[in-house]
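# Report on the structure
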Amino acid sequence: MSQTMRVFVLNMRGEPLMPCKCAKARHLLKDGKAFVACKSPFTIQLKIATGENRQPITLGIDPGAKTIGLSASTEKAELYSAEVEERQDIPRLNSDRRILRRARRSRKTRYRAPRFSNRVRSRHKGWLAPSVEHKVATHLACVGKIRQILPVTTIVFEEAKFDIQRLQNPEIAGIEYQNGPQRDFDNVRAYVLDRDGYTCQHCKGKSGEPRLHVHHLQSARTGGDAPNNLITLCATCHKALHAGTIRLKRTRGRSYKDATHMNILRKAIVQRLKAAYPELEIRTTYGYITKRTRQEYGIAKSHRADAFCIAGNMGATRLDIYYFQKQIRRHNRKIHNLTIYKGGKRKLHQAPYEVEGFRLFDKVLCEGYVGFIFGRRTSGYFKVCTLGGTVLSKSIHCRKLRLLERRTTFLTEVRYEGGASSPR
């Protein structure tokens, strides 16, 4: 059995109360005893003083490197269910920024020797890579937003620990953990050359070129320097590959970046949750317990379902709809594109901040369906899509759109259990 989504309630001071049914919220708004505080998720704030009876609410968090599962429930009912899609563009943007800064410093300033004692890693203990730090901040932001609308009393967090070496070699054991394939090699490049037999993997030495290079199958800024992302090429084939005259048949091996991130995330998030909310009970659980609970109750696999099992209130009635949220950039400060055209010119990257009263990613009503603005033209015609990628209109005039909400960092869309977006 499932239930429909409820309306979140705040008291006169803006503190969260237990949610109510839609009919009760409708009467409160009609009688002027409350007003709409937020539309996504729909929240009302009372204008009158009422009793503030609260029940124990447990928030289950299914952490992820790409998607976060959230579920808040009491012993009787699930009150909140959501999946949050995190940003994945942090490494690419940091790489672009690094390229621009190096070029600017080299042409406008004198040479300055690097000062390693002034680096961020040296000055701050517990430093995390920007991509990992952003994911930790996203988890904390999601918890903070839920605590603004629900009086959460307990947080249960699933610790996801991955043995990357066992993922690569299931039969590894004992001292083999210390004797990896790169043992006795000075660096990754030396290992890759030896692995490939000091032979070009494209022409197999037919070009006669003695110089060997190590090529990244996937760009270094996104794929890293893992051995399964590197291949040996001779200088001739390497140059031809970048010129576009030849193609490689090989693709990079399996990436373990997400598993590595989760190994770092699990401790950092728990430590910061305990520091941020010392008044709450914060517990941890493990993936095998979540899997066993989900199979025992016959629940289909999903991030929000895992979060529901993590919360532990298995007697609660589950929601039949949930919130799907997509995280976006707050600001876009890049003025020009990186591509340089004839004459040394670069095109402007920034579009107008507002066109005909609409901004990028604003939530609008388009032909009876709720969507988001993903493309704008100065002529007043916009492209409207759902967060799932369904195109509602490739080109619709602004007069046929109705603004529902201004864009925020987390774009919110209501979805049914089957995965479809909600219409009007």
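These figures come from a predicted structure and were not determined experimentally.

### A look at the packing of aromatic side chains
Evaluation of the coordinates by the stated rule reveals six aromatic pairs. When the ring of phenylalanine 358 is compared with that of phenylalanine 382, the centres are 5.5 Å apart and the planes differ by 70°; the resulting orientation is edge-to-face. Pair noted here: phenylalanine 358 is in the loop between strand E13 (321–327) and strand E14 (363–366) and phenylalanine 382 is in strand E16 (residues 381–385), with a separation of 24 residues, a long-range link. Here phenylalanine 358 matches phenylalanine 382 in class, with each residue buried. Members of the aromatic cluster, joined through ring pairs, are Phe8, Tyr80 and Tyr323. Just above the ring of tyrosine 322 sits the side chain of arginine 304; from NZ or CZ to the centre is 3.8 Å. When the ring centre of phenylalanine 308 is taken as reference, the NZ or CZ atom of arginine 318 above it lies at 5.3 Å.

### Describing the pattern of salt bridges
Scanning all chains against the criterion turns up 22 salt bridges. Here arginine 304 makes a salt bridge to glutamate 83, at a shortest N to O gap of 3.1 Å. Here arginine 304 is found in helix H11 (residues 303–311), whereas its partner glutamate 83 is found in strand E7 (residues 78–85), with 221 residues between them in sequence. The exposure class of glutamate 83 is buried, given its relative accessible area of 9%. With its nearest N and O atoms 3.0 Å apart, the salt bridge here joins arginine 87 to aspartate 89. Judged by relative accessible area, which is 13%, arginine 87 ranks as buried. In this structure, a network of salt bridges that share partners links the residues Arg13, Glu15, Glu52 and Arg54.

### Here's the deal with the UniProt feature "domain: HNH nuclease" (unreviewed entry) in the protein
Under the UniProt annotation, the feature "domain: HNH nuclease" (unreviewed entry) is placed at residues 187–239. Summarising residues 187–239: 32% helix, 19% strand, and an end-to-end C-alpha distance of 24 Å.

### A few points about the sheet that holds E16
Hydrogen bonds along the backbone pair up the strands of a sheet, which may run parallel or antiparallel. Read from one edge to the other, the open sheet built from five strands follows the order E17-E16-E15-E14-E18, with strand pairing classed as antiparallel. Whereas interior strands pair on both sides, the edge strands pair on one side only; in this sheet they are strand E17 (391–397) and strand E18 (401–405). Across this sheet, the average inter-strand angle for adjacent strands is 40°, counted without regard to direction. Bridge analysis of strand E15 (residues 369–376) against E16 gives four bridges, and the strand direction is antiparallel. Residue pairing in the sheet places arginine 376 in a bridge with phenylalanine 382 of E16.

### Points about unusual backbone geometry
Cis peptide bonds are those with omega within 30 degrees of zero, and the linkage from serine 40 to proline 41 qualifies with -5°. Structurally, proline 41 is set in the loop between strand E3 (34–39) and strand E4 (42–46). Phi angles above zero are rare outside glycine, and aspartate 184 is one such case at about 75°. Structurally, aspartate 184 is set in the loop between helix H5 (164–168) and helix H6 (188–195). The backbone of glutamate 367 shows a phi angle near 55°, a positive value even though the residue is not glycine. With respect to the element layout, glutamate 367 can be found in the loop between E14 and E15.

About the cut-offs
Residues numbered from 1 in each chain as written. Predicted model: local features only at pLDDT ≥ 70, side-chain atom pairs only at ≥ 80, totals over all residues. Heavy atoms only, no water. Phe/Tyr/Trp six-rings, centres within 6.5 Å; stacked < 30°, edge-to-face > 60°. Helix = DSSP H or I, 4+ residues; strand = E, 2+ residues; numbered from the N terminus. Buried < 20%, exposed > 50% of the residue type's maximum accessible area, 1.4 Å probe, protein only. Lys NZ or Arg CZ within 6 Å of the ring centre and 35° of its normal. Salt bridge = Lys/Arg side-chain N within 4 Å of Asp/Glu carboxyl O. UniProt positions renumbered as here; feature names shortened; annotations may be inferred. Pairing = 2+ DSSP bridges. Axes fitted to C-alpha atoms, helices over the stretch in contact; angles between N-to-C directions.

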